[in-house]
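# Observations on the model geometry
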Amino acid sequence: MDKQYTVCFTGHRQIPENPAEVEARVSAIIETLIQRGYSCFCAGGARGFDLLAAKAVLQSQARYPFVRLVLVLPFQNQYQHSNRGGTAYTVEYAAKKGLEIIRCAAD
C-alpha cells in the first residue's frame, strides 16, 4: 500500500443527513481522487458512514477495476482503551501529520 496514494474514510455511525445525498457526494469525491491517482481506499467496518464509503468504493470498481478497498477493522476490546470518539481523534491526528482532510458532510 503506497501511503501517498491511499485514502482513509472515517465518520459517524448515525448519518444526520439524507444518506443518498451523502453517498452521492462520497462517490463524486472518490471519482475525483481516482483521477488524481489515488487507488487504495480504507474504511472501517462500522455501520453508518464507514459502510456507506466502502459501498461507494466497491461501486467505483466497476469503472476502475484497479481500485482497492481495505477494511480496517478495530482490534478486540478497543473501546476499553480510550474514551475519545474515534472520528474526532482520527481527524485530529491526520491534521497534526499534515494530511489532506476532505469533509463529505454538507456545511
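Whatever comes next refers back to the structure up there.
To start, this report covers the structure provided alongside it.

Spatially, three strands are ordered E1-E2-E3 in an open sheet, and the strand pairing comes out parallel. Looking at which strands have only one partner, the edges of the open sheet turn out to be strand E1 (6–8) and strand E3 (68–71). If you compare each strand with its neighbour and ignore which way they point, the axes differ by 25° on average. As defined by bridge partners, E1 adjoins strand E2 (residues 40–43) across three bridges and the pair is classed as parallel.

Right, let's get into the environment of Phe 41. Secondary-structure assignment places Phe 41 in strand E2. The sequence separation of Phe 41 and Leu 71 amounts to 30 residues, and the corresponding C-alpha distance is 8.6 Å. Apart from the residues within four sequence positions on either side, Phe 41 is in contact with Val 7, Phe 9, Ile 30, Leu 33, Ile 34, Val 57, Val 67, Arg 68, Leu 69 and Val 70.

As a further point, take the pattern of salt bridges. Applying the stated criterion across every chain yields a total of three salt bridges. Across the salt bridge formed by Glu 23 and Lys 55, the nearest N and O atoms sit 3.7 Å from each other. Pair noted here: Glu 23 is in helix H1 (residues 19–35) and Lys 55 is in helix H2 (residues 49–60), with a separation of 32 residues, a long-range link. Residue Lys 55 is classed as partly exposed on the basis of its relative accessible area of 43%. Among the ionic pairs, Arg 63 bridges to Glu 31, the shortest N-O distance being 3.5 Å. With Arg 63 in the loop between H2 and E3 and Glu 31 in helix H1, this residue pair connects regions lying 32 residues apart in the sequence. Taking relative accessible area as the criterion, Glu 31 reaches 25% and is therefore assigned partly exposed.

Criteria and cut-off values
- All chains use their own residue numbering, which begins from 1 and follows the written sequence.
- Restriction of local features to residues with pLDDT of at least 70 applies here, the model being predicted, together with a cutoff of 80 or more for giving and counting side-chain atom pairs; totals for whole chains, interfaces and linings are based on all residues.
- As a rule here, side-chain values come from all non-hydrogen atoms in the structure, and water together with hydrogens is ignored.
- We call two strands paired when DSSP finds no fewer than two bridges between them.
- Only DSSP runs of H or I reaching four residues or more are called helices, and only runs of E reaching two or more are called strands; each is numbered from the N terminus.
- Here, axes are lines fitted to C-alpha atoms. For helices the fit covers the stretch in contact, and angles between N-to-C directions go from 0 to 180 degrees.
- By definition in these notes, contact holds between two residues if any of their heavy atoms fall within 4.5 Å.
- Throughout this description, the term salt bridge denotes a Lys or Arg side-chain nitrogen within 4 Å of a carboxyl oxygen of Asp or Glu.
- The buried label goes to any residue with under 20% of its type's maximum accessible area, the exposed label to any with over 50%, and the partly exposed label to all in between, with areas taken from a 1.4 Å probe on protein chains only.

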